[in-house]
Amino acid sequence: MPVELTLHKAAEELRQGDLANVLRARQRVAGLVGSYPHRLDLRERLAEVYRVLGQPAQAGRWTYLSDERDPEETLAFERAYRRAEARLVALCWQGRVDEAPTETARTRLASLYLEARVELQRELDATPHEETSWGACLIVMVGGTFVLVCFLLGIVTLVQFLWKLVT
């Protein structure tokens, strides 16, 4: 179904206002966003559906890259997805930052990627780095060699047994 027809059907379902139709509208528009992740207008339409459903965090999620967004919805989104990496995943952005259609979207995506990188670096810095235990490596290597030798002996024994059956 073409995008405009799908949007028209979703708008009709929203106008009807009952929960079943609003949920169908959400499904239609979410499908469009999945198919056309770079179209900010579709993301904004999905945010409208979430406003009708009374879900400000989701509305903030889908307008996060828009030029105009509701600060309360944005804050609700950021509270629901506290880590930058989680927000990036939730945005369902596909492609590079420079493929975003507006400067605002490019700036926000770049900022999120940088924030996620900083968070990851902090975690790496906070994790104690353990030195490799050569004794443990040696034990693993000896154990692996033992298992391999047992496996090969089993194969040889099986082949000898089968050879005696055939001859």
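On a predicted model such as this, the values are computed, not experimentally measured, just so you know.

Overview of the overall build of the protein chain
Move 1: Within the protein chain one finds eight helices and zero strands.
Move 2: Its helices and strands taken in sequence order, the protein chain reads α-α-α-α-α-α-α-α from the N to the C terminus.
Move 3: For the protein chain, whose C-alpha radius of gyration is 28 Å, the value lies well above the compact-globule estimate of 15 Å for 167 residues.
Move 4: Out of the 167 residues belonging to the protein chain, those deemed buried represent 28%.
Move 5: The contacts in the protein chain between residues at least 6 apart in sequence include a share of 47% that link residues at least 24 apart.
Move 6: Accessible surface, the protein chain: about 11,400 Å² in total, of which carbon and sulfur atoms supply 61%.

Concerning the UniProt feature "transmembrane region" (unreviewed entry) in the protein chain
Move 1: Per the UniProt record, the feature "transmembrane region" (unreviewed entry) sits at residues 138-163.
Move 2: Within the segment residues 138-163, helix and strand shares are 100% and 0% respectively, and the terminal C-alpha atoms sit 37 Å apart.

Let's talk about helix H6 (residues 84-91)
Because each turn of an α-helix spans 3.6 residues, side chains separated by three or four positions end up pointing in the same direction.
Move 1: Within H6 the residues assigned to the buried category are Ala84, Arg87, Leu88, Ala90 and Leu91. Across the axial projection of H6, the buried residues extend over an arc of 165°, all falling on one side.
Move 2: The inward-facing, buried residues of H6 abut helix H3 (40-52), helix H4 (56-63), helix H5 (71-80) and helix H7 (103-126).
Move 3: After H6 finishes, the residue Cys92 shows a positive phi value of roughly 55°.

Some thoughts on the pattern of salt bridges
Move 1: Under the defined criterion, the tally for this structure stands at 10 salt bridges.
Move 2: When the shortest N-O distance is used, the salt bridge between Glu123 and Arg83 registers 2.6 Å. Note that Glu123 is positioned in helix H7 and Arg83 in the loop between H5 and H6, a separation of 40 residues in sequence.
Move 3: Its relative accessible area of 36% is what places Glu123 among the partly exposed residues.
Move 4: Using a relative accessible area of 35% as the deciding quantity, one classes Arg83 as partly exposed.

Details of the side chain of Gln58
Move 1: With respect to the helices and strands, the residue Gln58 is situated in helix H4.
Move 2: Classification of Gln58 as buried rests on a relative accessible area of 14%.
Move 3: Side chain to side chain, Gln58 and Arg61 meet in a polar contact 2.8 Å long.
Move 4: In contact with Gln58, other than residues within four places in its own chain, are Tyr50 and Tyr81.

Considering the packing of aromatic side chains
Move 1: Counted by the stated rule, this structure contains two aromatic pairs.
Move 2: Measuring from ring centre to ring centre gives 5.2 Å for Phe77 and Tyr81, while their planes differ by 45°; the resulting arrangement is tilted.
Move 3: By way of ring pairs, the aromatic residues Tyr64, Phe77 and Tyr81 are connected into one cluster.
Move 4: Looking at Arg69, its charged tip hangs above the ring of Tyr64, at a distance of 4.8 Å from the centre.

Quick word on a negative patch on the surface
Move 1: A surface patch of like charges, here negative, comprises Glu44, Glu48, Asp67 and Glu68.
Move 2: Structurally, Glu48 is set in helix H3.

So, a nonpolar patch on the surface
Move 1: There is a patch of nonpolar side chains on the surface, built from Leu148, Phe151, Leu152, Ile155 and Val159 and spanning about 490 Å² of accessible area.
Move 2: Turning to its location among the elements, Phe151 is positioned in helix H8 (residues 134-166).

Reading the values: rules and limits
Residues numbered from 1 in each chain as written. Predicted model: local features only at pLDDT ≥ 70, side-chain atom pairs only at ≥ 80, totals over all residues. Heavy atoms only, no water. Helix = DSSP H or I, 4+ residues; strand = E, 2+ residues; numbered from the N terminus. Rg over C-alpha atoms; globule rule 2.2 N^0.38 Å. Buried < 20%, exposed > 50% of the residue type's maximum accessible area, 1.4 Å probe, protein only. Contact = heavy atoms within 4.5 Å. Areas by Shrake-Rupley, 256 points an atom, 1.4 Å probe, with all protein chains shown as cover. UniProt positions renumbered as here; feature names shortened; annotations may be inferred. Arc of directions from axis to C-beta. Salt bridge = Lys/Arg side-chain N within 4 Å of Asp/Glu carboxyl O. Polar contact = N/O pair within 3.5 Å; in protein donor to acceptor, adjacent residues only side chain to side chain. Phe/Tyr/Trp six-rings, centres within 6.5 Å; stacked < 30°, edge-to-face > 60°. Lys NZ or Arg CZ within 6 Å of the ring centre and 35° of its normal. Patch = residues over 30% accessible without salt bridge, like charges linked within 9 Å, V, L, I, M, F, W, Y side chains within 5 Å. Lys, Arg positive; Asp, Glu negative; His and termini not counted. Charge placed at Lys NZ, Arg CZ, Asp CG, Glu CD.

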